[in-house]
Amino acid sequence: MQGNFIGIDEAENQSIEELLENLSSSRTGLSPSEAAARLQQFGANEIQETKVNPLIKFLNYFWGPIPWMIEVAAVLSAFIHHWEDFGIIITLLLVNAVVGFWQENKADNAIELLKKRLALKARVLRDGKWSEISSKELVPGDVVRVRLGDIVPADIKLIDGDYMLSDESTLTGESLPVEKHVSDIAYTGSIVKQGEMDALVVATGVNTYFGKTASLVAGTKTQSHFQKAIIKIGNYLIILALVLVAVIFIVSMFRHDSIFDTLQFILVLIVAAIPVALPAVLTVTMAVGATTLAKKEAIVSKLVAIEEMAGMDILCSDKTGTITKNELTIGEVKAFPGFSDNDVLLNSALASREEDRDPIDDAIFDTIKTYTEINKALGALKVVKFKPFDPVSKQTEATVEGDGDRFKVAKGAPQAVLSMIINKEPIALKINEYVDSFAAKGYRALGVARTDSEGDWQFVGLLGLYDPPREDSADTIKTAQSMGVDVKMVTGDHIAIAREIAQQVNLSTNLVLFDDKPENEGIVEEAGGFVQVFPEHKYRIIELLQNRGHIVGMTGDGVNDAPALKRADVGIAVAGATDAAKSAADIVFTSPGLSVIIDAIIESRKIFQRMNNYAIYRIAETIRILIFLTLAILIFNFFPVTAMMIVLLAMLNDIPIMMIAYDNTRRIEKSVRWDMRKVLTIAAVLGVAGVFSTFLLFWMGEVVLHFDRMTIQTIIFLKLAVAGHMTIYLARTGGDHFWVRPFPAAPLILAAESTQIIATLFAVYGIFMEPIGWGMGLFIWVYALLFFVLNDFIKVRFYRLAEHSGRI
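Chemist: Help me understand the sheet that holds strand S11 (residues 329–335) in this model?
Modeler: The strands making up a sheet associate through backbone hydrogen bonding, with each pair oriented either parallel or antiparallel. Taken in spatial order, the six strands of this open sheet run S11-S16-S15-S14-S13-S12, and their pairing is antiparallel. The open sheet has two free edges, formed respectively by S11 and strand S12 (382–390), since each of these has just one partner strand. Each strand of the sheet is rotated relative to its neighbour by a mean of 20°, with strand direction disregarded. With six bridges connecting them, S11 and strand S16 (residues 457–466) associate as antiparallel partners. Of the residues in S16, the one forming a bridge with Ala335 is Gly461. Sheet contacts for helix H16 (residues 359–368): S11, strand S14 (405–412), strand S15 (444–451) and S16; angle to S11, the most-contacted strand, approximately 75°.

Chemist: It is not clear to me how unusual backbone geometry should be interpreted in this structure. Could you clarify?
Modeler: Of all residues except glycine, most have a negative phi; of all peptide bonds, most are trans. Phi at Asn506 is positive, roughly 70°, even though this residue is not glycine. Within the secondary structure layout, Asn506 lies in the loop between helix H21 (495–504) and strand S18 (511–513). Overall, Asn506 belongs to the partly exposed group, its relative accessible area being 38%.

Chemist: Any chance you could explain the packing of aromatic side chains here in plain terms?
Modeler: In this description, an aromatic ring pair is defined by two values, namely the gap between the centres and the angle between the planes. Tallied over the full model, the rule gives 17 aromatic pairs. Ring geometry for Phe638 versus Phe698: centroids 5.9 Å apart, planes at 10°, classification stacked. Of this pair, Phe638 sits in the loop between helix H26 (595–636) and helix H27 (643–654) while Phe698 is found in helix H28 (residues 676–704), placing the two residues 60 residues apart along the sequence. Look at Phe638 and you get buried, because its relative accessible area is 7%. A relative accessible area of 0% places Phe698 in the buried class. Put simply, the rings of Phe628, Phe638, Phe695 and Phe698 touch in pairs and so form one group of aromatic residues. Cation over ring: Arg145 sits above Trp130, and NZ or CZ is 4.3 Å from the ring centre. The ring centre of Phe638 lies 4.2 Å from the NZ or CZ of Arg709, which sits over that ring.

Chemist: Whenever I open this one, the pattern of salt bridges confuses me. Can you help?
Modeler: A side chain with one charge may pair with a side chain of the opposite charge, provided their charged atoms come close. Evaluation of the coordinates by the stated rule reveals 24 salt bridges. Close ionic contact of Asp486 with Lys488 constitutes a salt bridge, the shortest N to O distance being 3.3 Å. Residue classification places Asp486 among the partly exposed residues on the basis of a relative accessible area of 33%. The salt bridge involving Lys795 is made with Asp792; its shortest N-O contact spans 3.5 Å. Taken together, the residues span about one helical turn, with Lys795 and Asp792 both in helix H31 (residues 773–805) at a distance of three residues. A single burial state applies to Lys795 and to Asp792, both of which are buried. Counted as one network, the salt bridges with shared partners bring together Lys296, Glu603 and Arg610.

Chemist: Quick question: what am I supposed to make of the pairing of strand S13 (residues 395–402) here?
Modeler: The two faces of a sheet get side chains in turn, since along a regular strand they alternate between them. Along S13, seven of the eight residues are buried, which leaves the element largely enclosed by surrounding structure. Sheet topology note: the S12/S13 ladder contains six bridges and is antiparallel. When the sheet's bridge partners are listed, Val383 is paired in S13 with Val400. The turn linking S12 back onto S13 is made up of four residues, and Lys394 within it adopts a positive phi angle of 60°. Where S13 lies against S14, eight bridges are found, and the strand directions are antiparallel. When the sheet's bridge partners are listed, Gly402 is paired in S14 with Asp405. Once S13 ends, the chain turns through two residues before running back antiparallel as S14, passing Asp403 with a positive phi of about 55°.

What counts as what
Residues numbered from 1 in each chain as written. Predicted model: local features only at pLDDT ≥ 70, side-chain atom pairs only at ≥ 80, totals over all residues. Heavy atoms only, no water. Pairing = 2+ DSSP bridges. Helix = DSSP H or I, 4+ residues; strand = E, 2+ residues; numbered from the N terminus. Axes fitted to C-alpha atoms, helices over the stretch in contact; angles between N-to-C directions. Contact = heavy atoms within 4.5 Å. Buried < 20%, exposed > 50% of the residue type's maximum accessible area, 1.4 Å probe, protein only. Phe/Tyr/Trp six-rings, centres within 6.5 Å; stacked < 30°, edge-to-face > 60°. Lys NZ or Arg CZ within 6 Å of the ring centre and 35° of its normal. Salt bridge = Lys/Arg side-chain N within 4 Å of Asp/Glu carboxyl O.

The structure is reproduced here in structure tokens:
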């Protein structure tokens, strides 16, 4: 039944009778009443949003960004009946899936609640009666009535009424209202600012202007840098494991070792290599950060956006409603000879009506609130007759009485007001100069006139109207720039308007008209912003910047912003955004203005630091265990730890270490992103240092002290557990010593030290292993602490040498 929908272009070329006829017999073979019933049924079903099955969403998290590596270990465990290994791996996978699913579902529910609060109603004529229904129940062919303050519920063709002023800023980015007359099309989501008209619904659901934009959004999918980083880390570790496994397998074949024992070792090595809890820990870190951002009035709907925002180096910001207030104000007053600025404002107020809530009238009344003289004069005058804005004459007129005097006032388009002046030639040139001057500043000129005692019209002056910046926009943009974020304005407005706003908010005035040609691709980086852009242009601008290696953020509030919000690495819907923008965005701000962005950037960079620190720690520990196990089996033909010990280490190292999500971090003044070369290099240094200390301890127990093999396994287990969590203190401070502020957070210290104590109790009392007693247990603690301090100095020295040589 898709063919029953009538497109806007088609509707514009048909009469009302033709439209109604096509909705019945000629299109469907049904009577008009039957066609209406069928259309109602179809419309109610068609507009239902497609929702992702919760089970599918959960399974996506279960398989995670490394969809095969972790599961291989589980399958291998089950194959050789190591059920304890199988159980722990599946448990950690479930933890990752539950955390990710729960957090994103929670954010989705918050946005869904916002949608319900904003559910639209429509006045519709059915069966000869006017009634109010949900806008989602509208179908093509319905007759609706829209009036002042209404949000247009569907794409409609106006059929009856004088005129209507429609605010389409959420659709087109244009801040000034658009005049609509009979046979014009009003679009879904636009707001009626003046007038009342009846209209015929011509498009609903995906066929509306709104819907077509949403379709573009639905087709936009990007892979986050977080997912790419997880895949790189996983691939690095698994390749390392496979190489070592191949070496061990070849050596074992030459030694004629048991195939079963070799397979057992391969299992242990794979379990040690695969970062089973890596996705879970990083997800928890982002989830905790999302909770913190929510307290700062930023709802995170996609967790990976937190990591993306930390690396964001370009922020493309929509102008209307984001940088500006999306409300008109008076920017300049030009009084003509014989009149003052107050006279211009007074007469413009007399030619306005506050209760109409007209955007221009609102701007005038907001301006004169602080003018005592004007308000006193208004109190002494009375409007006895008011003629609303006439789209033909392009002006508003009022008759005023006061102090025994009676006169008329008018305001409107400068040329329309000028046409009423008897002796217009002397001032015509001056008016044109002022209008051009206003236009250069991005102002819309409004003429004001009044009659004198003879009843002749006198030109009082001009008002310059514009959409002003938000109070916090300039400071926010300046702060963002100081933090390494290049802010570019992207707007559908004229260049003069955009340039004026750019000057006021510390943005570059190097604004260009976007031209999507291959030879002009370099312009996107150099330009300070783009003007007169369409939705597909915004989308393309984001794409070009990403192709040049930038991590791009996009702020917006309108339907026209939705595709770019979805395409951007970080899509940000500002307060008051449309449902389309909120659905496409990664982060939704609930407080007005741009200041929340700074909080979000600072917090996201802290969160990124925590994830980066954990990644270094986890890779270092994996390298340490992998290389140590391999050397032990090659040199001594001995498994230095059992499979159960590996499982215990996995639990003790990863589950409590999720408290890294609460760790203290320092503020970073520039954008950060995953530098895998740096991460892997630092992790390798820490890992190799750990291999040396562990192998030295193993050698002492085997060669010097002649401990039995089971005791050596317990000693190595405790060394790996105690020294392992000390490594996190090395990883978290970068190129500084471990004692440099900020100190570790209490939850992290508590989690790390408690698991070390648990491991010590296991080793001392021989739980699942050979007991070693408190004497040896304390010796291992002292040994680990000495090498912890030594490794810290090695790390700092390596950082300085590497940074000096430019290698990291």
